[in-house]
Every structure is written in structure tokens, then in C-alpha cells.
Amino acid sequence: MEVTRIRLADGVYLTYLPARKFKTGLLSAQFVTALSPDTAAAYALLPAVLRRGTMRYPDMGALSARLDKLYGARIEYTVRKKGETQCVGFVASMIDDRFAPGKERLLESVAALLGELICDPVTQSGRFVPAYFESEKTNLIDAIRSQINDKREYADSRLLRGMCAGEAYGIPRLGSEESAEKLQPKRLYAQYTRLISTARLELFYSGSAGRERVEQALRAAFATLPRESVTDLLPTQRHSQRQEPLRIEETMDVTQGKLGMGFSCVADDTAALLMGNTLFGGSSNSKLFMNVREKLSLCYYASSLYHRQKGIITVSSGIEFDKYQEAYDEILRQLDAVCRGELEDWEMEAARSTLLNAYASMGDSQGKLENFYLGQAATGQHETPEELAAQVRDVTLERITAAMSAVALDTVYFLRGKEAAE
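Novice: Residue-level account of unusual backbone geometry, with values.
Specialist: The phi dihedral of Tyr71 falls on the positive side, at around 60 degrees, and the residue is not glycine. Along the chain, the position of Tyr71 falls in the loop between α2 (60–69) and β4 (74–82). Taking the relative accessible area as the measure of exposure, Tyr71 reaches 34% and is therefore partly exposed. For Ser125, which is not a glycine, the phi torsion comes out positive at approximately 55 degrees.

Novice: I'd like a description of the packing of aromatic side chains, backed by residues and values.
Specialist: As enumerated under the stated definition, the model contains eight aromatic pairs in all. Where Phe128 meets Tyr189, the ring centres are 5.1 Å apart and the plane angle is 65 degrees; that geometry is what we call edge-to-face. Of this pair, Phe128 sits in strand β7 (residues 127–128) while Tyr189 sits in helix α7 (residues 185–198), placing them 61 residues apart in sequence. Relative accessible area serves as the criterion here: at 1%, Phe128 is assigned to the buried category. Between Tyr324 and Tyr328 the ring centres are 5.9 Å apart and the planes differ by 25 degrees, which places this aromatic pair in the stacked class. With a gap of four residues between them, Tyr324 and Tyr328 both fall in helix α11 (residues 324–339), about one helical turn apart. Taken together, the aromatic side chains of Phe128, Tyr189 and Tyr192 make up a single cluster linked through ring pairs. Residue placement shows Arg5 over the ring face of Tyr13; its charged tip is 4.3 Å from the ring centre. Across the ring face of Phe99, the terminal group of Lys23 is positioned such that the distance to the ring centre comes to 6.0 Å.

Novice: Describe the packing of helix α1 (residues 40–50) against α7, and please don't skip the residues or the numbers.
Specialist: Direction vectors running N to C along α1 and α7 enclose 90 degrees, while the axes themselves pass 10 Å from each other. The orientation of α1 relative to α7 falls into the category roughly perpendicular. Residues Ala42, Tyr43, Leu45, Leu46, Val49 and Leu50 of α1 lie in contact with α7, whose contacting residues are Leu188, Gln191, Tyr192, Arg194 and Leu195.

Novice: An account of the state of the cysteines is requested, with residue identities and associated values reported.
Specialist: This model, assessed by the stated rule, comprises zero disulfides. Here Cys299 is not disulfide-linked; the sulfur of Cys339 is the nearest cysteine sulfur, at 18 Å. The class of Cys299 is buried, set by a relative accessible area of 7%. Overall, the relative accessible area of 14% leaves Cys339 in the buried class.

Novice: Outline the nonpolar core, supporting the account with residue identities and numerical values.
Specialist: By size, the foremost hydrophobic cluster in this structure holds 60 residues, and its most contacted members are Leu27 and Phe222. Ranked by residues supplied to this core, first place goes to helix α3 (residues 106–119) with nine residues. With residues near it in sequence (within four places) discarded, Leu27 still touches Phe90, Val91, Ala92, Met94, Leu107, Val110, Ala111, Leu114, Phe204, Tyr205 and Leu218. Residues Phe204, Ile319, Leu343 and Val412 belong to the second largest nonpolar core, which totals 53 residues.

Novice: Can you tell me about the sheet that holds β4, naming the residues and giving the values?
Specialist: Read across the open sheet, the six strands follow the order β1-β2-β8-β3-β5-β4; overall the sheet is mixed. Of all strands in the sheet, those bounded by a partner on one side alone are β1 (4–9) and β4. Across the sheet, the axes of successive neighbouring strands diverge by a mean angle of 20 degrees, strand direction being ignored. In this structure, β1 lies alongside strand β2 (residues 12–18), joined through five bridges in antiparallel fashion. Its bridge partner lying in β2, Ala9 is registered against Val12. Where helix α8 (residues 211–221) meets the sheet, it contacts β1, β2, β3 (24–34) and β8 (200–207), and its direction lies at approximately 30 degrees from that of β1.

Here is what the cut-offs are and how they apply
Residues numbered from 1 in each chain as written. Predicted model: local features only at pLDDT ≥ 70, side-chain atom pairs only at ≥ 80, totals over all residues. Heavy atoms only, no water. Helix = DSSP H or I, 4+ residues; strand = E, 2+ residues; numbered from the N terminus. Buried < 20%, exposed > 50% of the residue type's maximum accessible area, 1.4 Å probe, protein only. Phe/Tyr/Trp six-rings, centres within 6.5 Å; stacked < 30°, edge-to-face > 60°. Lys NZ or Arg CZ within 6 Å of the ring centre and 35° of its normal. Axes fitted to C-alpha atoms, helices over the stretch in contact; angles between N-to-C directions. Parallel < 35°, antiparallel > 145°, perpendicular 65-115°, else oblique. Contact = heavy atoms within 4.5 Å. Disulfide = S-S within 2.5 Å. Core = buried A, V, L, I, M, F, W, Y, C linked by side-chain atoms within 4.5 Å. Pairing = 2+ DSSP bridges.

Right, here's the structure in full:
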């Protein structure tokens, strides 16, 4: 796939992903802005409020009727975190023009509707419709509160917040409940005008339409977008390694303990760290899965994730409360085995195959492609999946051990039950 990134206007870019293998077209519009505790909740709320209507289609009923006329096109709002940026906007899907009845050109109509949602939202007296605002604010607060119901997700988030306290990477994508509760319609509208004026807008298209046609459709759709003072994004700051590990412990009414461990990565060899993490805990053939979970039965689950932009690795595991020390020691032992190169040939090939299959499968999903290239654009990366795959193929055992030997324990988080704490 020949991917092209084009500058359409000041701070407006199009990533063109030509594809004729799909029966659908995908169009995405994402504002990329720095993660901040002061604005995260407001920006998370914005796309939900904008999705409620435009001046021409002022409610969900009118919007749905318009989408029905576009042969069931769909527009969903999104809130994502990429590195130390927050990405908010919309992803639209539609029938590819080749399969539309009468060869109707749907691209222009869907692009125009996206432009209206962003540039011409329904308002009353210079602010968002109060009923829409209050409804979506309640939904946002409920979503933030509900994160604690999934204890695995909560523990992973809590580890990152503790490890990256004071850094943008530690801010949740939806912001805090406290910040969300303080939001008011007038303030949110002010944040909206600031966002569309100063934040970079990343546009993505995947489908069979020609590049010039896509450019024209999007230029027309966003012709009224204010571009007064677009703010440059700073690169993600790598995590500073601690001298001594930070230890955090919480007690809740849970029946299964959650042990999270965060590691700083000093090395810059991305491909070697990708392979090293996959060998450590990034697949079902990893040392954490095969040994800590399957062989020793110390964890209900155990996996690791390499946060490439931040330069950290995090481990997520579920354990019995009294197995804390055993699991903790064994996780470190398995990491040490990777660092020392205690790896069989089949482990290396399984890890390499896992990564190569992941990159190869991206081309089978328009959603995966959009998400990948949004992450690249938001964090200043430029490699394609094919280029990353080539880098992984070239990684040697020596490079893996060199990169992983510089990985150091930074933060430990443990969620235990109330009875176990007594």
C-alpha cells in the first residue's frame, strides 16, 4: 500500500490510504492536542456533544435520517490517547462508491457532514444546547467512574498514573471525575473554539476514491475551520529512571490481587525492545505466560506491554494475595532470563512471527490502519507497518539482550483485598 500524507492547510493533514479490497470507505477527522489535566475531561466530552447535532440537523433524529439517506453510513465519536497527546474526533464508515446504488458519490456527502459536526454544531445563545451538554456530561462521569469496575483495567491505569505522576503520560484519556464535574456549557464552548482553532487536525481516508477527489472533498468540508494559531506539539518525553522503585499499595473489596510492575527502558533500539517485550510477556508463547502462568500457576494472567513512545514496559498480572512475593520474584527472574539471552530458537521465531503477523494483519482492517497511522502522526513517527516488520526481521539476539539489559524496575503497584490486609 502506497501511503501518502498531504498538507491541506495550516495544521491540517490528510493521510491517504488507497484500498480497493474493501466494500466500505473510511473517513476520519481527529484533533490532536497535548494531554493536560486542565483540558482532558473537556476535550473528552466535546465530540460526544458535537455528535448530538448540527445547525442543519439539530438532533439525533435528524442526523440519523441523513445517515440513512447515505445508505446507512455511520459516524462515531472517538477519544484516544497516543503518547502524550489526546486525539478526539469522529470516524465515519460508508459504502465504497463502487458498490453504492447508481454509483452515487457518497464521499463528498459524508465529508460534508463531518465538516458540519465540527464546524457548525447546533448551539443556543452562543453555547451548546444545555440538554445535550448535561446528558453527555453525565455519560462521561459515569464512564470515568465505571473504570474501577474492571479491576484489571483499573490496576493498569493506576500503575501508569503512579509511575508517570507529574508527566502527561499519566493522565487518563477521559480526564478526572473532579474535572468533569466542574465543566459548564459556557466553558466547554470556549474550549471547543480553542481546540478547533489551535489543535492540529489529522484526516484519514481509506477506500477506492482517487487522491485528488478526496483532497477536494475535505478542503470543501473544512473550508470554514479556523486556523488562527495552530500550536506545535512537543515530542513525548521519555520517562526518567528512578534511583529506587516506587511502591504503591491499595486495598479494595476484591477477591483477586492485581500486581503491576513498571520498568524504564534506557535503550533506543525500538525493534530490539519490541522483540524483547514479546519474548518477556507480549504473547501466548512468552516467558510470563508459559512459565509464571502455565508452568508455575502463580498468576491467573500475566502479560507485558511495551510503551514505545514513552520508553517503558508495564507488566499486568492477577494473583492470589499470598502469592505476591513468589509472583514478584518470578516475574523478575523471567525478565532476567531474557536479558541474559536464555532463549530457545523456537521462542525467538515465535516472538518474531507474532510481531510480523500483527503488522501484516493491519492491512486487513481499515480501522486498524487508521488507528496505527493516527498514532504515528500524533507522536511524530513515520515508519509504515512494512518498515517496522523489516526492522523486526533484522533483530538479532545480541541486540535484544543489549536493549533488555538496560531495562530497570521503576514502579510496583499491588491491589489487595480487605481481608488480606487485616
